[in-house]
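Letter by letter, the chains look like this.
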Amino acid sequence: AFPAIAVTVRRPENFEQWLCYHLGVGFRHVFVFFDEPDDPAMAITARFPASRVSTHVRGAALEERWAHQSLFGKFGPWRESEVMARQMLNVQVA
């Protein structure tokens, strides 16, 4: 096991600095979950090696993965309106 972090974002500001900071303080991997498929910050994650930063985009494939998580019954009904519900499901996917 290694230290990692998962984050759910929608058009984040200062995202490159955020990624560099978290990788710099010792997280070996960052799992980034984008709420919007056309989020311009995806261009930022693309500049990092896939071994350090994973990019996941909300869509049918991610929804399918959420449906198979143990917390889906609790958080699934709230996934449309609550970012924390999506974050909890994303952590399980990561």
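See the structure printed just above.
Presented here is a report on the structure given in the accompanying data block.

What counts, and where the lines are drawn
Residues numbered from 1 in each chain as written. Predicted model: local features only at pLDDT ≥ 70, side-chain atom pairs only at ≥ 80, totals over all residues. Heavy atoms only, no water. Helix = DSSP H or I, 4+ residues; strand = E, 2+ residues; numbered from the N terminus. Rg over C-alpha atoms; globule rule 2.2 N^0.38 Å. Buried < 20%, exposed > 50% of the residue type's maximum accessible area, 1.4 Å probe, protein only. Salt bridge = Lys/Arg side-chain N within 4 Å of Asp/Glu carboxyl O.

Some remarks on the overall build of the protein
Moving on, step 1. Per the secondary structure count, the protein includes five helices and three strands.
Moving on, step 2. In terms of overall dimensions, the protein is globule-like: its C-alpha atoms have a radius of gyration of 13 Å, near the 12 Å expected for 94 residues.
Moving on, step 3. Principal-axis analysis of the C-alpha atoms gives the protein an extent of 35 × 30 × 20 Å.
Moving on, step 4. Within the protein, the proportion of its 94 residues that are buried is 39%.

Quick look at the pattern of salt bridges
Moving on, step 1. Considering all chains together, one arrives at nine salt bridges under this definition.
Moving on, step 2. A salt bridge links Arg58 to Glu80; the shortest N-O distance between them is 2.8 Å. In this pair, Arg58 is assigned in the loop between strand E3 (53–57) and helix H3 (60–67) and Glu80 in the loop between helix H4 (72–75) and helix H5 (83–93), connecting sequence segments 22 residues apart.
Moving on, step 3. Residue Arg58 is classed as buried on the basis of its relative accessible area of 15%.

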